[in-house]
Amino acid sequence: MITFISEKHGSSYTLWRDCVLLQHPLYSDGSVETNEDAYCEVEWEFLEDDEIIECERVLGILKAQFKASAQ
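For clarity, every value in this text was computed on a predicted model and none was experimentally measured. In every chain, residue numbers begin from 1 and rise along the written sequence. Owing to the predicted nature of the model, reporting of local features is limited to residues with pLDDT of at least 70; listing and counting of side-chain atom pairs is limited to 80 or more, with chain, interface and lining totals taken over all residues. No hydrogens and no water enter the side-chain calculation; it runs on all heavy atoms of the structure.

## So, the side chain of Glu 54
Numbered from the N terminus, helices here are DSSP runs of H or I no shorter than four residues, and strands are runs of E no shorter than two. Within the secondary structure, Glu 54 sits in helix α1 (residues 49-70). The exposure class of Glu 54 is buried, given its relative accessible area of 6%. Any two residues having at least one pair of non-hydrogen atoms within 4.5 Å are treated as being in contact. Beyond its immediate stretch of four places on either side in the chain, Glu 54 contacts Ser 6, Lys 8 and His 9. Burial status follows relative accessibility: with a 1.4 Å probe on protein chains alone, a residue under 20% of its type maximum counts as buried, one over 50% as exposed, and anything between as partly exposed.

The structure is reproduced here in structure tokens:
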């Protein structure tokens with residue numbers, strides 16, 4: 001599982017099926033959840049504009065990482 005940490009959101013992100021953005025809050029010690037089943041889908045319709053910008057940035061980074069790892 002490829003993850004990306006957004007310090008701005010205090011969360012780690014991953015992709016499900018290479019296209020669905022999943023999120024999990026960082027733990028208080030800064031560690032990242034490693035069980036993909038613990039992540040939840042980002043609910044884009046409830047995000048504020050600045051949150052959307054950050055999630056779009058994270059999504060682009062993760063898609064590029066997944067594409068590179070598939071080659």
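## Observations concerning α1
Helix length check: α1, at 22 residues, gives a terminal C-alpha distance of 32 Å against a target of 32 Å (1.5 Å per residue), a fit within 8%. Buried residues of α1: Glu 54, Cys 55, Val 58, Leu 59, Leu 62 and Phe 66, and no others. Taken down its axis, α1 places every buried residue within 140° of arc, on the same side. Among the exposed residues of α1, those pointing more than 90 degrees away from its buried face are Asp 49, Ile 53, Lys 67 and Ala 68. Contacts from the buried residues of α1 go to β1 (4-6), β2 (11-16) and β3 (20-25). Every helix has an expected span of 1.5 Å times one less than the residues it contains. Starting at the helix axis, one direction is taken to each C-beta atom, and the arc is that of these directions.

## Regarding the sheet that holds β2
With antiparallel pairing, the 4 strands of this open sheet are ordered in space as β1-β2-β3-β4. The open sheet terminates on both sides in strands that have one partner only, identified here as β1 and β4 (40-41). In terms of strand pairing, β1 meets β2 through 3 bridges, oriented antiparallel. Following the sheet pairing, Phe 4 is matched in β2 by Tyr 13. Two strands form a pair only when DSSP identifies at least two bridges running between them.

## Focus: the pairing of β2
Burial within β2 is extensive, with 5 of its 6 residues counted as buried. With antiparallel pairing between neighbouring strands as the criterion, β1 and β2 make up a hairpin whose turn holds 4 residues, including Gly 10 at a positive phi of roughly 65°. Pairing analysis gives 6 bridges linking β2 to β3, with the strands arranged antiparallel. Directly across from Ser 11, in β3, lies its bridge partner Pro 25. A loop of 3 residues connects β2 with β3, the two strands running antiparallel in sequence, and Arg 17 in this loop sits at a positive phi of about 55°.

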